[in-house]
Amino acid sequence: METKRWNIQRETEINKQFISEAAALLRAGETVAFPTETVYGLGADATNQSAVAKIFAAKGRPQDNPLIAHVANVEQFQQLVDNLPDYVDDLIAAFSPGPLTYVVESNGVCAENVTAGLSTIAVRIPDHPVALELLRACNFPVAGPSANISGKPSPTTADHVYEDLTGRIAGIVDGGPTGVGVESTVISCRENDVVILRPGGITKEQIEKIVPVTELRNEIVDKPASPGMKYKHYSPDVPLWLVDGDTEKIQKVIAEEREKGKKVALLARDAILELVEADVSLSLGSSLEDVANKLYDNLRKIKKSDADLMVSEVFPESGIGQAIMNRLKKAMTAYIS
Ligand code: TXA
Ligand code: MG
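Owing to the predicted nature of the structure, the values given are computational and were not obtained by experimental measurement. (Residues numbered from 1 in each chain as written. Chains lettered and ligands numbered in written order. Predicted model: local features only at pLDDT ≥ 70, side-chain atom pairs only at ≥ 80, totals over all residues. Heavy atoms only, no water.)

Caption draft 1: Structural view of the pattern of salt bridges. The full count for this structure, using the stated rule, is 24 salt bridges. One salt bridge connects Glu163 with Arg300, and the closest N-O pair in it is separated by 2.9 Å. In this pair, Glu163 sits in helix H6 (residues 158-165) while Arg300 sits in helix H10 (residues 288-301), placing the two residues 137 residues apart along the sequence. Among the salt bridges present, the one from Lys260 reaches Glu257, with a minimum N-O distance of 2.9 Å. Judged by its relative accessible area of 61%, Lys260 falls in the exposed class. One salt-bridge network, in which partners are shared between bridges, spans Lys152, Glu163, Asp164, Asp237, Arg300, Lys303 and Lys304. (Salt bridge = Lys/Arg side-chain N within 4 Å of Asp/Glu carboxyl O. Helix = DSSP H or I, 4+ residues; strand = E, 2+ residues; numbered from the N terminus. Buried < 20%, exposed > 50% of the residue type's maximum accessible area, 1.4 Å probe, protein only.)

Structure (structure tokens):
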């Protein structure tokens, strides 16, 4: 299949012609990748079972892992549910559009394979001008997992999508690099509290100001609350070690491996890169927001270097640090403390 690519610069006015071409392909039951504020999504008409099946096929995604339905506004959200706990209105007012995904009781408007047969559906209003313009043009919910081959790091640029999915999908809307860089926070909306199924762009501290939050432990369980939890994620092409300690400790681990003849890459913030010697430096900037924004690009970049091993610092689990560490722990092959 030929993959069409539209270049939409975020700085200039959004090209309406490109948006309507992309929307027409989605309406015709094809798959189109689009930018959101977190990562690129791979879209298909969420009400069309055979269109949604193409997402699973293109990504190699396990059939039992449900998808997020993306909508442009609250009115479209309400079309997918019959009733919502009262506090959800307050969450929507505070965080939507934004990197928060609500798992709520579905009314069955979306195709069965969107929810992988569950009674609940995940819904999100993304905060990205191109995504919102596309969703408004579609006027149907758009199912959209991250637009990567299953198991690989999520795409934060159109080039990442191209790398993984060209020839397998009908189009890519290129809206430039995404902002947040890690995926949305997924919450299960229970009667009087929410459970964080996946930490992400909206932090626990932010949500707690509105509704009590019950935390789920980050582990792979037999019967996961969110099907996505049991699968391998974000795997880079070389082993990734997390080293929990100061710069001396990180340097020691790297030096030992280099002595064995390995080429070692260091994935860290600039302040650490300046102090530690490695064969390849992968810069994550300085703030935790920078780290989130640059993480997946660096996990992908490693395959273009000749490194045999990637060593990462361990990040503080405050704010967006919770999402960063959640992803790194899934991506790692060893934790050294
Ligand atoms: O930021 C994001 O959330 C991006 C952009 C494209 O919106 N999307 C994304 O989708 O990360 P995906 O499919 O890679 O991750 C969605 C997660 C999966 O772990 C899935 O298992 C979970 O949400 N999920 C979806 N529907 C669910 C449901 N009904 N109950 C529990 N978990 C659900
Ligand atoms: Mg994903």
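Caption draft 2: Inspection of the pairing of strand S8 (residues 171-174) at higher detail. Alternating positions in S8 separate into two faces, Gly171 and Val173 on one and Ile172 and Asp174 on the other, with burial throughout. Two strands pair when backbone bridges link them, and strand S2 (residues 32-34) and S8 are joined in this way by two bridges, in the parallel orientation. Bridged to Val32 within S8 is Gly171. (Pairing = 2+ DSSP bridges.)

Caption draft 3: Focus on the confidence of the model for the chain. In this model, the chain carries an average pLDDT of 94, and 94% of its residues clear a pLDDT of 70 or more. Per-residue pLDDT stays below 50 along residues 219-223; that stretch engages in two contacts with residues further than four places along the chain or on separate chains. (pLDDT = per-residue confidence, 0-100. Contact = heavy atoms within 4.5 Å.)

Caption draft 4: Here's a closer look at the site of ligand 1. In the vicinity of ligand 1 lie 27 residues, with Thr38, Arg61, Asn65, His70 and Ser184 positioned nearest. Contacts to ligand 1 include Ser146, whose side-chain N or O atom sits 3.1 Å from an oxygen atom. Here an oxygen atom of ligand 1 and a side-chain polar atom of Arg198 are 2.9 Å apart. Sorting the residues of the shell around ligand 1 by element identifies strand S4 (68-70), strand S6 (120-124) and strand S10 (194-198) as the ones contributing at least two each. Among the elements that line the shell around ligand 1, the one with the most residues is S6, at three residues. Taken together, the residues of the shell around ligand 1 break down into 13 nonpolar, 10 polar and four charged. (Near = heavy atom within 4 Å. Polar contact = N/O pair within 3.5 Å; in protein donor to acceptor, adjacent residues only side chain to side chain. Nonpolar A, V, L, I, M, F, W, Y, C, P; charged D, E, K, R; others polar.)

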